[in-house]
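Listed below, chain by chain, are the residues.
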Amino acid sequence: MFLLGYTREPIDSVHYDPRLAYSLHLALGEDGVSFEGLNHDSGVLFALATENEDGSLNPMSLKNPFLFPMRDGGYGVLAVRIPADGGDDESSRGSVLFWTSKDLLSYREVGLLGLCEAYVESVFCYEYEGEPYLFWEDRDGKLSAAAVDFDRLSVTPVRLNDALELFCRKKKDVLSRVLSQIQTSGMQGTVPHCVLEIPDETATRLRCKLTPPVNNSIRFPARVEASSREAFLQMTAEAGYTDGSVLQKRIDWELSGVDFAKPGTYPVKGKVHQEHFPFPVAFNRADPCVCYWSGKYYFIATNDADNNHTLYVRESDTMEGLITAPEHLILDSVTHEGIGNLLWAPEFHEINGRLYIFHAATPGEFFREESHIMELREGGNPICKEDWSAPRRIVRMDGSELCEAGKVISLDMTCFSWEGEWYVVWSQRQFIPKDLGAWLYIAKLNPEKPWMLAGEPVVLSKPDYGWGNNHTFVEEGPFALFGDGKLFVTFSAAAVDSSYVVSYLEIEAGKDLLVRENWRKNNYPILTSRSVEGEYGTGHNAYVIDEFGTTWNTYHARPGAEGVRSSGIRRVFFDIDGCPVLDVTEEMDVKPEFRTVETVLVVKRNDCRFE
């Protein structure tokens, strides 16, 4: 199997910005000629921003990436670092950027390799006489070479003799011929740079990780026995997917002809159960959150319809019922002193058996936006305004302000429990004396006084990839998602327009959440305007586990690039590594041709069993 490494030509700031196009993209092909793009024809490797002494970031991109196998069985990537939107990066003059990867999915940016004094235009890595060599061309087309020690991140320039130059020229000629023949059907603006032969198992894993899984089978026994309706309805079908995973699915049976009081044999049909959430489920509702509380479902979101001056709650016995459920006002920007504008990003959270709403609010101006919390009185009704306490600001452990009002804002605070401790993660942005962009922070929370931190805040992440500083420097909207032995915190990044995306941080159980280096940040977004047709600027996720154990993603997107922010709901899929997948649509979750299920039901007096 062959792997194509490419960049793309930028389209425009709406559909594919330079900060997205100038990244490493991957495609697979069986013959080395025809290739199919992975990850929705979107980048998987981006250059990290550089950081100034004051904490501000200089966004970076890459050009002319070259992918090659390394002796340890992993892979290396070399590329020229450039400013985010193109041009020359003076700090990278004469150097190339180097990454390593074990699996072509997760990459570690090692650093710059200094090669010469001139601007490097392109770089290649080949083994010559059993040793790795770098070959590069500068802006004037001059070819140079150096022996390289990747462990020490050092190079030793060598004289380019006739044999060494001939070797490199032949390699370049072969690569040039291969790249000139490449066919990329369905891929837009492809700029190919390298082709690498990889093992079939590596290609399979890339395809499983970088394309959403699609339902390819439904299995249910041809004959089952049950002694009651309840026992029969507990039986589930096994849904198979293209990545090799399986899920158990409930079935809606047609049982009008079955008498469970009368033993016998009954042919029955059913449909694989699938909730239907058309997008959008609510126009002008952003940052949505759903919770399951005391046997009912509740929906809350930022209200864009009135410029963020009210919060409404919907209540329903079912998730689907939230779509048409009436709205009940629970908070506005005139009732309480100190709450006068911009009610943002409300989230339900249960802490020690009590229900709370975390949200952002300000007395008036945007620069005083701060994280707040409201508490539902014991026995209270979540749709009753009077049953909620007045909003209270989140403060530090000593009772002081979390942020300096008028200079720093906080918003999008989320809450979760992990390994016996409570934590909050939020987005914080310093505007004065310099706008540093929105960063993610984490701190322990006092569950007895959930308006108070139980430790000092720690910077968790900055918008240091091109997809996170696209149009503006922002990371926000964090929310916890729990996997098998892992904690994920998904977050949104970039401007709240069509460039808005979702990615995640992950950490393994047993590691200290307050140590930034313990977290792994995904190299690329997992939900973008290219993920699901017709949904632009997808972001600000929250998750809810329903009464049947299914995890749902609530998010907002725009129905059209210029559409209003509107809420959506879609099932969360977990991939072969247990990582979240957010772009499995209803049609992919259960294919229409597999929805119908038939079996022969044998009603007996004993408990149910499969034959």
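Details of the structure are given in the entry above.
Treat the numbers as computed from the prediction; the structure is a model and nothing was measured. (Residues numbered from 1 in each chain as written. Predicted model: local features only at pLDDT ≥ 70, side-chain atom pairs only at ≥ 80, totals over all residues. Heavy atoms only, no water.)

Attention now moves to the overall build of the chain. The helix and strand inventory of the chain stands at five helices and 43 strands. Scaling as 2.2 N^0.38, a compact globule of 611 residues should have a C-alpha radius of gyration of about 25 Å, and the chain matches this with 27 Å. Once the C-alpha set of the chain is aligned to its principal axes, its extents read approximately 90 × 70 × 45 Å. For the chain, with 611 residues in total, the buried portion stands at 55%. Restricting to contacts in the chain with at least 6 residues of sequence separation, those with at least 24 account for 54%. Looking at the chain as shown, the accessible area adds up to about 25,400 Å², and 47% of this sits on carbon and sulfur atoms. Averaging the positions of the 59 positive and the 92 negative side-chain charges in the chain gives two centres separated by 2 Å. (Helix = DSSP H or I, 4+ residues; strand = E, 2+ residues; numbered from the N terminus. Rg over C-alpha atoms; globule rule 2.2 N^0.38 Å. Buried < 20%, exposed > 50% of the residue type's maximum accessible area, 1.4 Å probe, protein only. Contact = heavy atoms within 4.5 Å. Areas by Shrake-Rupley, 256 points an atom, 1.4 Å probe, with all protein chains shown as cover. Lys, Arg positive; Asp, Glu negative; His and termini not counted. Charge placed at Lys NZ, Arg CZ, Asp CG, Glu CD.)

Cis peptide bonds are those with omega within 30 degrees of zero, and the linkage from F279 to P280 qualifies with -5°. The residue P280 is located in the loop between β20 (264-272) and β21 (285-293) in this model. Of note, the phi angle at N284 is positive, near 55°, even though the residue is not glycine. Turning to its location among the elements, N284 is positioned in the loop between β20 and β21. Taking the relative accessible area as the measure of exposure, N284 reaches 24% and is therefore partly exposed.

Below, the discussion takes up the side chain of S410. Residue placement: S410 occurs in strand β29 (residues 408-418). Within polar-contact distance, the side chain of S410 engages the backbone nitrogen of S371 at 3.0 Å. Look past the residues within four positions of S410 in its chain and what remains in contact with it is A360, E369, E370, S371, L402, C403, W426, S427 and Q428. (Polar contact = N/O pair within 3.5 Å; in protein donor to acceptor, adjacent residues only side chain to side chain.)

Residues of helix α3 (residues 200-210) that are buried: T202, A203, L206, C208, K209 and L210. Of the surrounding elements, those touching the buried residues of α3 are β1 (2-8), β2 (25-29) and β7 (75-83).

Taking strand neighbours across the sheet as the criterion, the four strands line up as β29-β30-β31-β32 in an open arrangement whose pairing is antiparallel. A single partner strand is all that each edge strand has here, and the edge strands are β29 and β32 (458-461). Taken over all neighbouring pairs, the strand axes of this sheet differ in orientation by 30° on average, direction set aside. (Pairing = 2+ DSSP bridges. Axes fitted to C-alpha atoms, helices over the stretch in contact; angles between N-to-C directions.)

For side chains of opposite charge, pairing can occur when their charged atoms come near one another. Per the stated rule, a full pass over the model turns up 42 salt bridges. The residue K407 makes a salt bridge to E404 at a minimum N-O spacing of 3.3 Å. Given a relative accessible area of 46%, E404 falls into the partly exposed group. A salt bridge links E475 to K521; the shortest N-O distance between them is 2.6 Å. Linking E475 in strand β33 (residues 475-482) with K521 in strand β36 (residues 520-521), this pair joins segments that are 46 residues apart in sequence. (Salt bridge = Lys/Arg side-chain N within 4 Å of Asp/Glu carboxyl O.)

So, about the pairing of strand β27 (residues 370-375). Counting buried positions along β27 yields five of six residues, so the element is predominantly enclosed. Pairing geometry for β27 and strand β28 (residues 392-393), over two bridges, is antiparallel. In the sheet register, H372 faces β28, and the bridge partner there is R393.

This part covers the packing of aromatic side chains. By the definition in use, this model includes 32 aromatic pairs. Arranged with centres 5.8 Å apart and planes meeting at 20°, the rings of F416 and Y423 form a pair that is stacked. Residue F416 is classed as buried on the basis of its relative accessible area, which comes to 3%. A relative accessible area of 6% means that Y423 is categorised as buried. Here F416 and F482 contribute two aromatic rings whose centre-to-centre distance is 6.5 Å and whose plane-to-plane angle is 70°, an arrangement assigned as edge-to-face. In this pair, F416 is assigned in strand β29 and F482 in strand β33, connecting sequence segments 66 residues apart. Taken together through their ring pairs, the aromatic side chains of F66, F68, F98, F124, Y126, Y128, Y133, F135, F150 and F167 make up a single cluster. Residue placement shows R392 over the ring face of W451; its charged tip is 4.0 Å from the ring centre. Across from the ring centre of W439, 3.9 Å away, lies the NZ or CZ of K462, which sits over that ring. (Phe/Tyr/Trp six-rings, centres within 6.5 Å; stacked < 30°, edge-to-face > 60°. Lys NZ or Arg CZ within 6 Å of the ring centre and 35° of its normal.)

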